[in-house]
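Inside the fold
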Amino acid sequence: MQSRILSEIHMICAHALRLLLKKKQTLLIFVLGFLFFFLLLFFLEEAKEEKSVVFIGVLDEDKTELSEKLAERIYHCEVFGVTMAPLDKLLAMLAEGKLTAVFVIKKGYADALARGEERRLITMYEAEGKGIPLLADIVAGEIMYDLCTSKGFISYEKVMKQSGREKELLSKEAYAAYVTSFLTKEEFDFSFQAEYLDREGKSGNIPKQTVIYMQVIFAVLSMLLGLLAVYAVIPYADLCHGRAAKRMCVLPFYKASFLVGSGIAAMLPMILFGTAAVILFAWKNELPFFAGLQMFLYTTAYSGGIVIITMLFAKLWKHAAGYQLFMLALVVIFGMAGFLGIAGGLLPQTDWLGFSPNSVYIKAMIRCYSSN
């Protein structure tokens, strides 16, 4: 009995897949939908990076080990998007609005630090009317380590000479190495760990990337999956109301095997599309394997729910054209509810939209993304 049921499910699933592969519009939506998602992910990532950093120019005129290390620290600072080029090019980019500021590490920077000098080490050029003092403070923060080390050595050298212990005096290089060794010790780790809370006062993590971009990506992905589901269920609708349904009625377990077999056939392209989209997203955002697996499970669950809803209306609607128009309208409504639902409290009286399938899916994916 069990083998007969499985055999019927396999036969119906294979027949539904053959019908699905004959539908060129389904294959077209699959390919174009994934291409659209890929381009959307790429361009939104680029836009997100541009919005999350301040673009500055850096020029090292000193060309010493200290100045090169400073330029490297500024380059790797998360709040900056750094361009390194000759001064004339950087100033031209500043005038065109491509840069917010230009920082020039002046010649003699290392020598000035060795003397304990702290003024006029760097020159800052800024766009007219766009001065941001905070930028200078951030760059100054990158100088502090070198400045404090230099001043510390000067004070250390002075104390050692005054106390008559010149023979025990470390060289400047040995002193710098000794001070640097403290950076690796836990007792001298002064990094701050802030606790981030959401609007409800619950503990949570704020990701480095802007969450709104992720919400848009997942909202679009949910709509693409909904659109694909409409066409993936067309073979089921054809089998429900076509002649094939009458021929299959002779099967002993027709109702159960027909439903399961058709559902599996509709889910296969959904799972394939969702898996490819999740792998692409996880790879682009460098998410760990477990996060990608969670996203895959959420996407599969959402796809299953949409397929069930779509099959229900396909069963109730006797005309394929009417079913498609109605389901496309429903996909648009779910999509709009998803976009409005992620707005939360930003728009008045939209909290109830958070219960739509798209909104639930988007929130689950955002939680997974934020926690990883």
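This write-up is about the structure you can find in this document. Keep in mind that this is a model prediction, so the values were computed, not measured.

Observations concerning the pattern of salt bridges
Counting across every chain of the model gives two salt bridges. Between K69 and E65 there is a salt bridge, with the nearest N and O atoms lying 3.3 Å from each other. Taken together, the positions of K69 and E65, both in helix α3 (residues 65-75) and four residues apart, correspond to about one turn of that helix. Taking the relative accessible area as the measure of exposure, K69 reaches 42% and is therefore partly exposed. The class of E65 is exposed, set by a relative accessible area of 58%. Put simply, K98 and E96 hold a salt bridge, and the shortest N to O gap is 3.3 Å. This pair shows no difference in class: K98 is exposed, exactly as E96 is.

A short note on the sheet that holds strand β1 (residues 54-60)
An order of β2-β1-β3-β4 is seen for the four strands of this open sheet, with the pairing classed as mixed. Of all the strands in the sheet, just β2 (80-84) and β4 (122-126) have a single pairing partner and so form its edges. Averaged over all neighbouring strand pairs, the angle between strand axes comes to 25°, with direction disregarded. Bridge count for β1 against β2 is five bridges, and the pairing is parallel. Across the sheet, I56 pairs through a bridge with V82, a residue of β2. Set on the sheet, helix α4 (residues 87-95) makes contact with β1, β2, β3 (101-105) and β4; between it and β3 the angle comes to about 160°.

Some thoughts on the packing of aromatic side chains
This structure, assessed with the given rule, holds six aromatic pairs. Ring geometry for Y302 against Y361: centres 4.6 Å apart, planes inclined by 25°, an arrangement best described as stacked. Note that Y302 is positioned in helix α12 (residues 289-316) and Y361 in helix α14 (residues 357-371), a separation of 59 residues in sequence. Of the residues examined, Y302 reaches a relative accessible area of 7% and is grouped as buried. Clustering of aromatic rings is evident, with ring pairs tying together F30, F34 and F273.

Quick notes on the rules
- Residues numbered from 1 in each chain as written.
- Predicted model: local features only at pLDDT ≥ 70, side-chain atom pairs only at ≥ 80, totals over all residues.
- Heavy atoms only, no water.
- Salt bridge = Lys/Arg side-chain N within 4 Å of Asp/Glu carboxyl O.
- Helix = DSSP H or I, 4+ residues; strand = E, 2+ residues; numbered from the N terminus.
- Buried < 20%, exposed > 50% of the residue type's maximum accessible area, 1.4 Å probe, protein only.
- Pairing = 2+ DSSP bridges.
- Axes fitted to C-alpha atoms, helices over the stretch in contact; angles between N-to-C directions.
- Contact = heavy atoms within 4.5 Å.
- Phe/Tyr/Trp six-rings, centres within 6.5 Å; stacked < 30°, edge-to-face > 60°.

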